[in-house]
Amino acid sequence: MIKKSKVNKITEEEKELLKKELEKELYNKSFYEFFKKAVKVLEPSTQWSFNWHHEYICDILQEETLRIKNNKPKTKDIIINVPFRSSKSLMVSVCFPVWSWIQHNQMSFINLSYSSSLSSDHSNKVIELLSNPWFQNLYGEDYKLNYDHSAKNDFKLNCGGHRISSGMVGSVLGKGADIIIMDDPNSPKDLSEVGRRNTIRSYTDTISTRLNNPQTGLFIVVQQRLHENDLTGYLLSNFKDDWQHICLPAELSKNVSPINLINKYENGYLWIKRFSKKVLDKFKITLGSINYANQLQQEGSVQEGNIIKRKWLKSISIDEFNHLLETNNIRENTIKWEMIIDTALTAKKKNDDTGIMIYASILNDVYVKKVFKLKLEFPELIKEIVNIYTVYKCHIIKIEPKANGLSVIQQIKRSTKLPVKELPNKKDDKETCLNSVSPLIESGRFIMLEDLSNDILITQLTGFPNEKSDEMVDLTYYALNGANKGNFNYAMM
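Colleague: Which residues make up the sheet that holds strand β5 (residues 162-167), and what are the values?
Modeller: If you walk across this open sheet you meet the eight strands as β3-β4-β5-β2-β6-β7-β1-β8, and the pairing is mixed. Edge strands, defined here as strands with exactly one partner in the open sheet, are β3 (145-151) and β8 (243-247). Each neighbouring strand pair of the sheet contributes to a mean axis angle of 15°, computed without reference to strand direction. As paired elements, strand β4 (residues 154-157) and β5 share three bridges and run antiparallel to each other. For D154, the partnering residue across the bridge sits in β5 and is I164. Sheet strands touched by helix α5 (residues 116-131): β2 (108-113), β3, β4, β5 and β6 (179-183). Its angle to β5, the strand with the most contacts, is close to 155°.

Here it is, written out as structure tokens:
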């Protein structure tokens, strides 16, 4: 009779140790596997869904880290263009540096974004991951922040890894890194020529010289396209052969790069669980055609001609307007027409006019009743404003506080009892402001009641920035910006 041999049982402690070593081995071999676990640790309440583009980008970044670790020369720097909400920042700016330190604990990073606050947000996420119990249990004290060098935007690890964060136009002068990541280098709120030029100049004059070793060090640009001449556009136009371009539009198009990735698209979509046809169709309306082409399709395009197209500007007859009110049970005397004014600096200057718009927000759309373009001296202007207010039964007067706007406000308050309000100062230039509301115009939410003055409005909006008069541009922005924030001025009876 054969006796059964005794088998030594593995203790629970040994099981946990084995599990830990297997987990570390998995993450050591695959940045993609590390990324999938890390983001769940960072955002446990998020219902995570991973797509093929995550693995593809992770694998490319992994190769670059191992190349630098082995001190091998680079072939090209990397540009990654993907739609918003594609996990690009979590992948590239947060998890990638941490995984790279596991491979090569002396590696250094500079992470840049269009604003220092955005860059700081990414830095906070990195620190959060490093200090998480899951990560510390696997990798321990070596990957804690060095007490003597632990500023939020400039820290070192006990093992030697280093990370600096800054805005694109902030100062990183005198500091270098093995990998420099530019994550959203262009501000979506400043796409003016000056703003774009400042971003490009910051790269060419300073950032481009900050690699510790230009032969092995790596630049990474990761962004959704915003303009033909954003940083991606500049680099591809001038140094295309120096950059590996990964371009993944939400819908299959000629922009896919490398071209063989078209085979990865499911029914013509990059990530059908995130960007389905229904979702994308809605974005086409809310973003407008140009913003959709850039931010989701990675076109890197500018307006064909001017910002506002003539076909976008809708007008309806007075009969159609009255039918709208009747159909929606809106009484005409409950509509609160607003007067907004863009005052001239002086009536003596050529092309220096005061613009006035009478509008109301009805059923989430902006209706323009009348516009005026006036060239009047101050006393006559005050009288005309009071007259227009009375004739068109306005609810309030709103005045932009530029030029002599404040003087007009003060005079109306002194000489009348009319309700007058100072509009908030715009933070952006005219072009940026008009671009921000152009999707609302394109989607039909800016409607003119038929009037001879419509020609003034149409000419200035469609002609901007080449039209010599542009007071209606600011007035349109103020009217639509208020409506977009839900400030609707009508009563339903």
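Colleague: Summarise the pairing of β6; cite the residues concerned and give the values.
Modeller: A large share of β6 lies buried, amounting to five of its five residues. Residue alternation in β6 divides its side chains into two sets, I179, I181 and D183 and I180 and M182, and both sets are buried. Alignment of β2 against β6, held across four bridges, turns out to be parallel. Residue N111 lies in a different strand from β6, and its bridge partner there is I181. In terms of strand pairing, β6 meets strand β7 (residues 218-223) through five bridges, oriented parallel. Counterpart to I179 in the pairing with β7 is L218.

Colleague: Any chance you could break down the side chain of T334 for me, citing the residues and the numbers?
Modeller: Considering the arrangement of structural elements, one finds T334 in the loop between α11 (318-327) and β10 (338-342). With a relative accessible area of 11%, T334 lands in the buried category. Looking at T334, its side chain comes within polar contact range of the main-chain oxygen of R331, at 2.6 Å.

Colleague: Give a detailed account of unusual backbone geometry, specifying residues and quantitative values.
Modeller: With omega at -5°, the peptide bond leading from S257 into P258 counts as cis. Checked against the element boundaries, P258 lands in the loop between β8 and α9 (277-287). Of note, Q298 is a non-glycine position whose phi angle comes to about 60°, a positive value. For Q298, the location among the structural elements is in the loop between α10 (289-295) and β9 (314-316). For Q298, a relative accessible area of 3% puts it in the buried group.

Colleague: Any details on the confidence of the model for the protein chain? Residues and values, ideally.
Modeller: As a note on interpretation, predicted positions should not be read in detail where pLDDT is low. For the protein chain, the average pLDDT comes to 90, and 93% of its residues sit at 70 or higher. Counting interchain partners and residues more than four positions distant, the pLDDT-below-50 stretch residues 347-351 has nine contacts.

Colleague: For the environment of Y234, give the residues involved together with the corresponding values.
Modeller: Along the chain, the position of Y234 falls in helix α8 (residues 231-238). Separated by 37 residues in sequence, Y234 and R197 have C-alpha atoms that sit 9.8 Å apart. Filtering out sequence-adjacent residues up to four positions away, Y234 remains in contact with I200, T204 and F239.

Colleague: Please provide a residue-by-residue account of the pattern of salt bridges, values included.
Modeller: What the rule picks out here adds up to 25 salt bridges. The salt bridge partner of R67 is E64, with a shortest N-O separation of 2.8 Å. Residue R67 and its partner E64 are located together in helix α3 (residues 52-69), separated by three residues, close to a single helical turn. Classification of E64 by relative accessible area gives buried; the value is 12%. Its salt-bridge partner being K426, residue D474 comes within 3.4 Å of it at the nearest N-O pair. Of this pair, D474 sits in helix α16 (residues 471-484) while K426 sits in the loop between β14 (420-422) and α14 (430-442), placing them 48 residues apart in sequence. Classification of K426 by relative accessible area gives partly exposed; the value is 22%. When salt bridges that share partners are traced, they join D342, E400, K402, K426, K430, D470 and D474 into one network.

Parameters at a glance
- Residues numbered from 1 in each chain as written.
- Predicted model: local features only at pLDDT ≥ 70, side-chain atom pairs only at ≥ 80, totals over all residues.
- Heavy atoms only, no water.
- Pairing = 2+ DSSP bridges.
- Helix = DSSP H or I, 4+ residues; strand = E, 2+ residues; numbered from the N terminus.
- Axes fitted to C-alpha atoms, helices over the stretch in contact; angles between N-to-C directions.
- Contact = heavy atoms within 4.5 Å.
- Buried < 20%, exposed > 50% of the residue type's maximum accessible area, 1.4 Å probe, protein only.
- Polar contact = N/O pair within 3.5 Å; in protein donor to acceptor, adjacent residues only side chain to side chain.
- pLDDT = per-residue confidence, 0-100.
- Salt bridge = Lys/Arg side-chain N within 4 Å of Asp/Glu carboxyl O.

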